[in-house]
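# Descriptive analysis of the structure
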There are 2 protein chains.
Amino acid sequence: MIAEIIAAGSEMLTPFRQDTNSLYLTSELNALGVSVAFKTIVGDNLQHLTAAAAVALMRANIVILSGGLGPTEDDLTREAVASALDISLVRDEKLLADLEARFAKRGIPMTANNSKQADVLEGAEILPNINGSAAGQFLVTNVTDPLGNQHRRIVILLPGPPRELKPLFAAEVKHRLVFLVPERHMAKRVLRMALLPESQVDARTAPIYKQFPDVETTILAHAGEIQLHFQASAKTATEAQSQVDNLASLIKAEMGEAIFSSDNSSLEEVVLDLLAAKNFTLATAESCTGGLLAQRVTAIPGSSKQFLGGAVVYSNLLKTAFADVPAEMIATHGAVSEPVARALAQGIRKRTNASVGIGITGIAGPTSADTSKPIGLVYIGLATPTATTVTQHNFTGDRDRVRWWSSQQALELLRQSLL
Amino acid sequence: MIAEIIAAGSEMLTPFRQDTNSLYLTSELNALGVSVAFKTIVGDNLQHLTAAAAVALMRANIVILSGGLGPTEDDLTREAVASALDISLVRDEKLLADLEARFAKRGIPMTANNSKQADVLEGAEILPNINGSAAGQFLVTNVTDPLGNQHRRIVILLPGPPRELKPLFAAEVKHRLVFLVPERHMAKRVLRMALLPESQVDARTAPIYKQFPDVETTILAHAGEIQLHFQASAKTATEAQSQVDNLASLIKAEMGEAIFSSDNSSLEEVVLDLLAAKNFTLATAESCTGGLLAQRVTAIPGSSKQFLGGAVVYSNLLKTAFADVPAEMIATHGAVSEPVARALAQGIRKRTNASVGIGITGIAGPTSADTSKPIGLVYIGLATPTATTVTQHNFTGDRDRVRWWSSQQALELLRQSLL
């Protein structure tokens, strides 16, 4: 069975906004063993929307439309689908009464245009929407192709706002689909790695995952992280789970400690857990990353147990004032240097009484004041209770990328030191 | 004239990846006065891709396909479009020679499957791709609808990777379209505001922008910022520009200093410019935002001229050590309090010799240790050469949102104090 998702709304045909509901819907449909074969985005135009619905009804078993269920002139999904199916809209008295009660409760008069939210495709079930005034609709019907053959179709209308669409799908659509699609159970696993080149991960893992043709493997590379997503569907949940687990075990054996999580936790969470396990605290002294590392760590709830804080030592004076980097050292070696990274890590560790101190200094770009030092040159110092190490990195890309990769590399160095 | 954009690639039918080329293409097409009426996303499947192309050729004047031009079995766009148009693919000897030269230069043998990258739609112009091996194609042709009527169509094939598609569109497609679409010139303006409710901005500006039916107005609200986008097309550039400028002037008169930029610069950039104009420096002491404010400021190139740095004072001890907040004050009032925000701002200003100090302390959630203080309670202290002010805020939403809005509010308070 294949599905088509149609997102209705002229704003999604501008350069500013994208349909995102389809990502959620795809994930939910995949979990039921249904593939999405087409996605269509169409504006608030009756002719276009009717054409899009008619095309979808010819080529997909399940057609889900999101948006266009409100009370305004621009909300045309009901009318378009009725027209594409050549059926009527029936005003539902119970739904109309509910709408009137909804307005009465808020003490505002219901204008006439709202009544059309009570119009239902002939034969459709109404899906109550507790988060908005637009109810969903669920219809199982037959369509006739140009050759005269009949095909069964499942047609689902959902409101556009994600905070309405998602709970409505979960509460009203999922269990209806379970009865209508062949039973499949889906299992997923995600393995996450930092900083490795995608090509290297693929070269090492492809010989393994290609032995599992029933598991769909996707490699995602983004912002200094590689994720391996495994997904399998089978007749039983146990079977699906064992397929992804078997593949994950072999990949873990191959990639070893490069994998920082196999339960989808983030690098920040993993590092905080490792610090907690050793009862360690952390402090940071950041120059080129300007607080990005501290910001990432403190984005995690509960991080205050391990993270004490630190300093953003953008100026040279503050490197001395907050992390005790000797001014002569900066004068001799420059602010972006191995000794300064070391001093930042050791200095912030000492000043805060943290177990571990991290110091970052580098040239994020877009220009470099020192021609002998290229953009992307970054030194990361890591001071632990037993030793201080400094590593030199040459990151490529723009300012944002150099800063992000620096913070990512610092977290990964910290993680490896804690293993 | 209307356009349809078809993105080919099975990865865009997963929950993980989205087509983004269409946002760029929409912006470029709009600038030529062409609206995008449909977007279709389809997988690497010959039958599906042919069906999608056939549907698009019936309903749009311009059909742009991205992706599926590579050398692998999954790259089927050329074949699908030829099939939908019922024309042949012709192997281009010059293109084939270029491909062979490309491989020879890299010293690797060209495998047979690469030859299909030299297949061209009968009658199409080849669009050279200097960033990859897949050339684009540009075809003007006629299609016949089911009633026997002929329609002129412009069909454009582009490679999928954005770093290939964008330069190819700019260099090869744009000037060809200019000759084929009715001459229109597009002008744009963006007005940006921080922290106001979208409903309030709309209530105040709608009576104005509704008087300009020829200017398309879009209100975008995201992450504590409201953007008003104006776009107009006209026969001359001057006419289009004067339409958006006239509307922008009236909106600026209505919203006044709430508008932080009318040249699309960011709040961070505007604040840094205002600091520079006064020859001021800035330092920050952040508790609940954990470095987010410093990170945002230092993301701007050249920020080091105004931003000295600061401290991430997550623990109470560091509030004292780095910003001289008296320990007794924290004991008496709690870390999240008006006096502590004031002391943080004044303390970090003094310790760094900055012109302006900002202190932020609050409860980002998801839990609050102090039941008398709700999640979202944030105090922001602002110490300038002339005065120190503290404002209390009650932000709603999750941890990320409270932290982001706190940083946004701090930047806006700083901006207003500098006006």
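Residues numbered from 1 in each chain as written. Chains lettered and ligands numbered in written order. Predicted model: local features only at pLDDT ≥ 70, side-chain atom pairs only at ≥ 80, totals over all residues. Heavy atoms only, no water.

Looking at an unreviewed UniProt entry, chain A carries the name CinA-like protein, with the source organism given as Granulicella aggregans. As recorded by UniProt, the Sequence similarities (unreviewed entry) comment attached to chain A reads in full: "Belongs to the CinA family." (UniProt positions renumbered as here; feature names shortened; annotations may be inferred.)

What follows covers helix H2 (residues 46–59) of chain B. An α-helical turn contains 3.6 residues, so any two residues separated by three or four positions project in the same direction. Residues and elements named next belong to chain B. Across its 14 residues, H2 extends 20 Å between first and last C-alpha, which sits within 8% of the 20 Å expected from 1.5 Å per residue. Among all positions of H2, only His48, Leu49, Thr50, Ala52, Ala53, Val55, Ala56, Leu57 and Arg59 are buried. By the N-cap criterion, in which a side-chain oxygen at the helix start approaches the backbone nitrogen of a residue two or three places on, H2 is capped by Asn45, the distance to Gln47 being 3.1 Å. (Helix = DSSP H or I, 4+ residues; strand = E, 2+ residues; numbered from the N terminus. Expected span 1.5 Å × (residues − 1). Buried < 20%, exposed > 50% of the residue type's maximum accessible area, 1.4 Å probe, protein only. Polar contact = N/O pair within 3.5 Å; in protein donor to acceptor, adjacent residues only side chain to side chain.)

In this model, A:Gly365 is joined to A:Pro366 through a cis peptide bond whose omega is 10°. As for its position among the elements, A:Pro366 is in the loop between strand E15 (356–362) and strand E16 (377–383). Positioned with a positive phi, B:Asn264 is a non-glycine residue whose angle comes to about 70°. Following the sequence through the fold, B:Asn264 ends up in the loop between strand E12 (259–261) and helix H8 (267–277). One non-glycine residue, B:Asn353, lies in the positive phi region at around 60°. Summarising the element assignment, B:Asn353 is placed in the loop between helix H12 (338–352) and strand E15 (356–362). By relative accessible area, which is 69% here, B:Asn353 ends up exposed.

The subject of this paragraph is the environment of A:Ala37. Along the polypeptide, A:Ala37 turns up in strand E2 (residues 35–42). Residue class for A:Ala37 comes out buried when judged on its relative accessible area of 7%. For the pair A:Ala37 and A:Ile251, spaced 214 residues apart in sequence, the C-alpha to C-alpha distance is 29 Å. Apart from the residues lying within four places of it in its own chain, the contact partners of A:Ala37 are A:Ile2, A:Ala3, B:Leu13, B:Ile41, B:Val42, B:Gly43 and B:His48. (Contact = heavy atoms within 4.5 Å.)

Attention now goes to the side chain of A:Thr26. Residues and elements named next belong to chain A. Along the polypeptide, Thr26 turns up in helix H1 (residues 21–31). Exposure remark for Thr26: the relative accessible area of 0% places this residue in the buried category. Among the polar contacts listed, one links the side chain of Thr26 to the backbone oxygen of Ser22, at a separation of 2.5 Å.

The next point concerns the sheet that holds strand E16 (residues 377–383) of chain B. What the 10 strands build is an open sheet, ordered E17(A)-E16(A)-E15(A)-E13(A)-E14(A)-E14(B)-E13(B)-E15(B)-E16(B)-E17(B); its pairing is mixed. Sheet topology places strand E17 (388–394) of chain A together with strand E17 (388–394) of chain B at the edges, where each strand pairs with a single neighbour. Neighbour to neighbour, the strand axes of the sheet diverge by 15° on average, direction disregarded. Alignment of E15(A) against E16(A), held across 6 bridges, turns out to be antiparallel. Within E16(A), the residue paired with A:Ile360 across the bridge is A:Ile380. (Pairing = 2+ DSSP bridges. Axes fitted to C-alpha atoms, helices over the stretch in contact; angles between N-to-C directions.)

Accessible area lost upon the coming together of the parts serves often as the stated size of an interface. Across the contact, 61 residues belong to chain B and 62 residues belong to chain A. Counting each side, the surface lost to burial between chain B and chain A is near 5000 Å², with a carbon and sulfur contribution of 62%. Seen at the junction of chain B and chain A, the total is 0 salt bridges. Across the contact surface, chain B and chain A share 28 residue pairs in polar contact (both at pLDDT 80 or more). Per-element tally for the side of chain B that touches chain A: the top contributor is strand E2 (residues 35–42) of chain B, with 7 residues. Pairing of E2(A) with E2(B), which is carried by 5 bridges, proceeds in the antiparallel orientation. Bridged to A:Thr40 within E2(B) is B:Thr40. (Buried area = accessible area lost by both parts, 1.4 Å probe. Salt bridge = Lys/Arg side-chain N within 4 Å of Asp/Glu carboxyl O.)

What follows is about the UniProt feature "domain: MoaB/Mog" (unreviewed entry) in chain A. Here, the residues flagged by UniProt with the feature "domain: MoaB/Mog" (unreviewed entry) are residues 4–180 of chain A. With 37% helix and 25% strand, the stretch residues 4–180 of chain A has end C-alpha atoms that lie 16 Å from each other.

Quick look at the packing of H8(B) against helix H13 (residues 399–418) of chain B now. All names here are of chain B. The N-to-C vectors of H8 and H13 enclose an angle of 35°; their axes lie 10 Å apart at closest approach. In terms of crossing hand, the pair formed by H8 and H13 is left-handed. Here H8 contributes Leu267, Glu268, Val270, Val271, Leu274 and Leu275 to the contact with H13, which in turn contributes Gln408, Leu411, Glu412, Leu414, Arg415 and Leu418. Considering only residue class, the contact of H8 with H13 consists of 8 nonpolar, 1 polar and 3 charged. (Left-handed = near helix turned anticlockwise from the far one by under 90°. Nonpolar A, V, L, I, M, F, W, Y, C, P; charged D, E, K, R; others polar.)

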